[in-house]
Structures are given as structure tokens and as C-alpha cells.
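# Overview (structure and organization)
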Amino acid sequence: MCGILAVLGCSDDSQAKRVRVLELSRRLRHRGPDWSGLYQNGDNYLAHQRLAVIDPASGDQPLFNEDKTIVVTVNGEIYNHEELRKRLKNHKFRTGSDCEVIAHLYEEYGVDFVDMLDGIFSFVLLDTRDNSFMVARDAIGVTSLYIGWGLDGSVWISSEMKGLNDDCEHFETFPPGHFYSSKLGGFKQWYNPPWFNESVPSTPYEPLAIRRAFENAVIKRLMTDVPFGVLLSGGLDSSLVASITARHLAGTKAAKQWGPQLHSFCVGLEGSPDLKAGKEVAEYLGTVHHEFHFSVQDGIDAIEDVIYHVETYDVTTIRASTPMFLMSRKIKSLGVKMVLSGEGADEIFGGYLYFHKAPNKKEFHQETCRKIKALHKYDCLRANKSTSAFGLEARVPFLDKDFINKAMSLDPESKMIKPEEGRIEKWVLRRAFDDEERPYLPKHILYRQKEQFSDGVGYSWIDGLKDHAAQNVNDKMMSNAAHIFPHNTPNTKEAYYYRMIFERFFPQVSLISLHSVTESPIRFALTNSQTSVLRFL
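All residue numbers refer to position in the chain's written sequence, counted from 1. Reporting of local features is limited, given that this is a predicted model, to residues whose pLDDT is at least 70; pairs of side-chain atoms are given and counted only at 80 or more, and all residues count toward the totals for whole chains, interfaces and linings. To get the side-chain values, all heavy atoms of the structure are used, and hydrogens and water are removed first.

## Regarding the environment of Asn131
In plain terms, the rule: A helix here means a DSSP run of H or I that spans at least four residues, while a strand means a run of E at least two residues long, and both kinds are numbered starting from the N terminus. Here, two residues are considered to be in contact whenever any of their heavy atoms come within 4.5 Å of each other. Think of a polar contact as two N or O atoms within 3.5 Å of one another; within protein, one of them needs to be a possible hydrogen donor and the other a possible acceptor, and neighboring residues in sequence only count if both atoms come from side chains.
Its location among the elements puts Asn131 in the loop between β6 (119-127) and β7 (132-137). Separated by 146 residues in the primary sequence, Asn131 and Ala277 place their C-alpha atoms 55 Å from one another. In contact with Asn131, not counting residues within four places along its chain, are Asn41, Asp43, Asn44 and Leu126. Engagement of the side chain of Asn131 in a polar contact is seen with the side chain of Asn44, the distance being 3.0 Å.

## Quick word on helix α12 (residues 379-388)
Filter applied, for reference: Partly exposed residues are those whose accessible area sits between 20% and 50% of the maximum for their type, while under 20% is buried and over 50% is exposed, using a 1.4 Å probe and protein chains only.
Counting buried positions along α12 gives 10 out of 10 residues, so the element sits mostly inside the fold. Along its buried surface, α12 packs onto β8 (146-149), α8 (296-310), α9 (315-333), α10 (345-349) and β17 (393-395).

## Here's the deal with the UniProt feature "domain: Glutamine amidotransferase type-2" (unreviewed entry) in the chain
Heads up, the condition is: UniProt positions are given in the numbering used here, feature names are shortened, and annotations may be inferred rather than shown by experiment.
UniProt marks residues 2-185 with the feature "domain: Glutamine amidotransferase type-2" (unreviewed entry), using the numbering shown here. Secondary structure within residues 2-185 divides into 15% helix and 34% strand; the distance between the first and last C-alpha atoms comes to 27 Å.

## Considering the pairing of β6
Selection criterion: In this analysis, strands are considered paired if DSSP registers two or more bridges between them.
With respect to burial, β6 is a largely interior element, 9 of its 9 residues being buried. Burial along β6 is two-sided: the residues Gly119, Phe121, Phe123, Leu125 and Asp127 and Ile120, Ser122, Val124 and Leu126 are all buried. As judged from the 9 bridges shared by strand β5 (residues 70-78) and β6, these two strands associate in the antiparallel manner. Directly across from Glu77, in β6, lies its bridge partner Ile120. Relative to β7, β6 runs antiparallel, the two being bridged by 6 bridges. Considered in β7, the bridge of Val124 is made with Val135.

## Overview of the sheet that holds strand β14 (residues 263-268)
Threshold: As a rule, the C-alpha atoms of each element are fitted with a line to give its axis, helices using only the stretch in contact, and angles between N-to-C directions run from 0 to 180 degrees.
One open sheet holds the 5 strands; their spatial order is β15-β14-β13-β16-β17, and the pairing between them is parallel. The open sheet terminates on both sides in strands that have one partner only, identified here as β15 (288-293) and β17. Direction aside, the axes of adjacent strands within the sheet are offset by 30 degrees on average. Strand direction decides the pairing type here: strand β13 (residues 228-231) and strand β16 (residues 338-340), joined by 3 bridges, are parallel. The partner of Val230 across the bridge, within β16, is Leu340. In the packing of helix α7 (residues 273-285) onto the sheet, the strands contacted are β14 and β15, and the crossing angle to β15 comes to about 170 degrees. Taken strand by strand, α9 contacts β13, β14, β15 and β16, and its axis lies near 140 degrees from that of β14.

## Some words on the nonpolar core
Threshold: For this analysis, a nonpolar core means a set of buried residues of the types Ala, Val, Leu, Ile, Met, Phe, Trp, Tyr and Cys, connected via side-chain atoms within 4.5 Å.
Core analysis: the largest hydrophobic core is formed by 85 residues, its most contacted members being Ile102, Leu117, Phe123, Ile140, Phe214 and Phe403. Not counting residues up to four positions away in its chain, the partners in contact with Ile102 are Val72, Val74, Ile78, Phe113, Leu117, Phe123 and Leu125.

## Digging into the sheet that holds strand β10 (residues 170-173)
The 6 strands lie next to each other as β2-β3-β1-β9-β8-β10, forming an open sheet whose pairing is antiparallel. Only two strands of the sheet have a single partner each, and these edge strands are β2 (35-41) and β10. On average, each strand axis in the sheet is inclined to that of its neighbour by 10 degrees, with strand direction left out of account. Judged from the 5 bridges that link them, strand β1 (residues 3-8) and strand β3 (residues 44-50) form a sheet pairing that is antiparallel. Paired with Ile4 across the two strands is His48, which belongs to β3. Across the sheet, helix α1 (residues 15-26) touches β1, β2, β3 and β9 (155-158), and the angle it forms with β3 is around 30 degrees.

## Concerning the packing of helix α4 (residues 207-220) against helix α13 (residues 401-408)
As a reminder of what qualifies: Note on angle classes: values under 35 degrees are labelled roughly parallel, values over 145 roughly antiparallel, values of 65 to 115 roughly perpendicular, and the remainder oblique. Should the near helix be turned anticlockwise from the far one by less than a right angle, the crossing is left-handed, and should it be turned clockwise, the crossing is right-handed. Gly falls in the polar group here, along with every residue not listed as nonpolar (Ala, Val, Leu, Ile, Met, Phe, Trp, Tyr, Cys, Pro) or charged (Asp, Glu, Lys, Arg).
In contact at an axis separation of 9 Å, α4 and α13 are set at 165 degrees when each is read in the N-to-C sense. With respect to α13, the axis of α4 lies roughly antiparallel. Of the two possible hands of crossing, α4 and α13 adopt the one that is left-handed. Where α4 approaches α13, its residues Ala209, Ile210, Ala213, Phe214, Ala217 and Lys220 are matched on the opposing element by Asp402, Phe403, Lys406 and Ala407. Of the residues that constitute the contact of α4 with α13, the class distribution is 7 nonpolar, no polar and 3 charged.

This is the structure:
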């Protein structure tokens, strides 16, 4: 993942302002350590910190159209860029970068081209012909993006909050699936699939259709010009990603450049469930497996860095981000710059254990819709920023647009958990890859019950965090919590501890409003008149 920063219409084209933009852009350099770029046109500034994954030699940003009147700075990957280039036959491309198509698509179609992009992205585009601009974020919010406004009327865009929090009067999360246009004067939703209105679909379940859709999602993410691997915890989701990647790697451009043997990575406390399961799957698939161990103290020592990079005080997110943060540093030290990961399956297929309590298929489906829409606040935030902290890119095939649309069009009756019929959580996904002739995974892995990531790395991890928080937050502090933190008041010592660290890094009021809850709420209507709120801790 790269880092982008834009300051638009700031009424200041001085050298001092340029120096300030460069200074703020350097706060994002961990995301893109390979090259830095800054474009200035009057009082508009577009900065970029590049992680070179596609076309490392010539794809430096910002990128331009033929006459350089259209300028774009992008964080992300456009998987269908070769297909789009063929549709732009009258355009000349300067680089091999997958992101260059954005400038030419805008030139050809105006602002309504975003839905043509198949990938993960956040970008800022400046049209110097009339000084207008547009900003867009991918459908689900796999890439992180924030928007802010200065007192001088300027609009600020940044991949992370730390790029704009000191200079904006107000800022907020840029909504996924939207673009912002200066001509329109606001946001417009570009991603509005049928499942978004949460009406119950009725497409019959066809295992092979789900299998093909997910295989395609994985295969398109093998587009890379740098060494890569897969995160492999040994759970269903990461194991399927690894299995498909191993099966289809041979013959790809990546295999020709870096060899046909897949590298896999796992992290955990000594003797943790993930380490054991990950090793077993790796041996079955024949990957070059890398096992990273950490201690509870290692994790505790990293908490402040995690909160600074992930930019949240959400308890569950911090618990899960810390092992991923530590693992990412190890992976990057091996020369790997991109990994495939398994986020998103639980939201799409109702994989969390509380889905057992869904009273009917309507409630089940509506909860999956809500969970997918909230992913950018939690799992996507974790996966993006924990890896980007060390210049590592995470790709998430379960959140492929086409795959989500296919999976969310299924009659949710097929996703319902029915133990009496032998249907455990994510049964439709497990069944789709239950191939007797060419098994993707051993049966007991294919039907392994879900572990939360923070549990799978070792059961003592959460206990260690709670004990550490209790040593740093006393009862008197908790009794005054509502006065110290009137917004989203922490209700546990662990939550209080994280909040103290967060506010030391990010004291602005705008940041607090970005976090609507301290932990992800999960709701199911148990009866017509009663709602139960459950929490995954």
C-alpha cells in the first residue's frame, strides 16, 4: 500500500506551504518507502509515498495523461488495468503502472468511470484545465482514506489521519464506495450493488459457482512484479486462499519471476493453535513456511506503536492488530512486499459463532450486510494499517467485488447454521471446496471451527493484555472515566488504557468522532420486540 496526501485549494502557493506538505507526507512514508513524489499546481498539492509492487522501474507517482493536464495520485491496485488499456486505444501510456488508467479513464468518461475499476484503491485526481478535482475510495474500504477541511476553505485528503489531523478544522473517514467531486460540491455513492438495500435474495446455492468466483478472485490478485506470499493461520479462510494460490501459481508471471513455490507466514505465541494448524496446512500444500513467535511481553511492548499506526482505540481491533503488526515486520525483513490474506469471509457467510442465534434467514442476511458495510472500521483497518506500517501490502480476495455480489445474492437459507443437519458456520464455503478427487484441504481443516485471530495466536494473549491494563489503570481512574472521556466512555480497564494512548497521539475532537463505539456491536432481533446486543471479546 502506498500513502497519498493532497491539499486542494489552500490559497497558499508559497515555498513554506510546499515544505509543510512535504513534512506531512513524510508521516506516511512507512506506507511507501520506495519513492516520494510531490506535484504542485498553484495552491493544489498532490503528494505520494510509493510502495512499488507493479512496474517498480517506471511507475512513480503522481501519474499523468498525455499532455499532463490530468494528474492523479493513487494508493491501491487495479487488477483489470490491462483490459481497460485495451478500451483506451486512442490514449498513450507513459508507464506500466496499473494505476495510470485512472487519468485516461477520467479524460474519456468524466467522473462516472469509478465503477469500471476492479481493485482496491484510494485516489485524488486534479484536472488542471479548470482546477477541479475528484477523490474516490474502493467499494468496501480496503484502502484507508480520510478527508478534512481547513479554515481557509481547503480540502485535505490523506491515507492516514496523521497526515491531516494537525492542519484541519474538521476531518472524517472518507466513506467507502463513494467519490467526492469539487464540481458536484460533495459526495456521490458509486457502489450500490443489489445487496446494499438488505432485501433478502433468492438465488439457489451452487457450490461450483461459489468455487469458481472465489478462485477468480484469488487468481487476479497474483498480479505482482515483486516477491509475495500468503498469511496462513491454518483456519478455513487463510487456508483456502493459500490452497488456491498454490494451485494456480505455476504459469503466472509472478512464478516466472520469483519461482513457483509459494511462501506462507504464520504468527503466534509458543504452542498456539494457529502455529500448529498453519504448519499442518503448509506441509499439505508444500509451501515454504515461515513461523514467527512472539511473547506476551513483545506484544505489550508494541501496543503504543500499534495504536499510532492503526489509529484506533477499539479493543478488539488492537488485540488482533498487534500480532499482525509484529508478523508484518518479520515478513518485510525477508524481502516480501505483498501478501494475500483471508479477511471478509466471516462477514459474507456469517462465520462468527453468534450467527447460530439468527432466528431466520432475513435477520441472518441483514446482519451480514451490516457487517460488510462496517468492515472498513475494523478488519480492513487492521489488515491495511498493520501491514502498511512496514511497507507491506495486504490483498483480500474475499472482498473482491464480483465475489461479494455472487455470495450475497445467495438465498441466505443456505448460509444458516443448522447443527442438526451437519451445517456449521460458513458451510456453503466449506462445501464449495469439498472436492474428493482433488482436495483443496484436509477434511479436518476444511471443517475446522473458527478461532478469533487474537485467540488463535495464543489464549494467554488476551489475558496478558487485561493484566497489563489492570496494572496501569486503577479503580479511581475508572470511576471518573465518564468525565475524562464523555464520548465513547471506556467501560473496561483495557479500553481505558488504549484510549489514554490514543488521545496522547491524536488529541483532536474530530478523531474521537471517527470512533462511534469502543467495540464492534452485533445485533440480532431475537423476537419482534426484543433486541439482543452481543459483543465479541
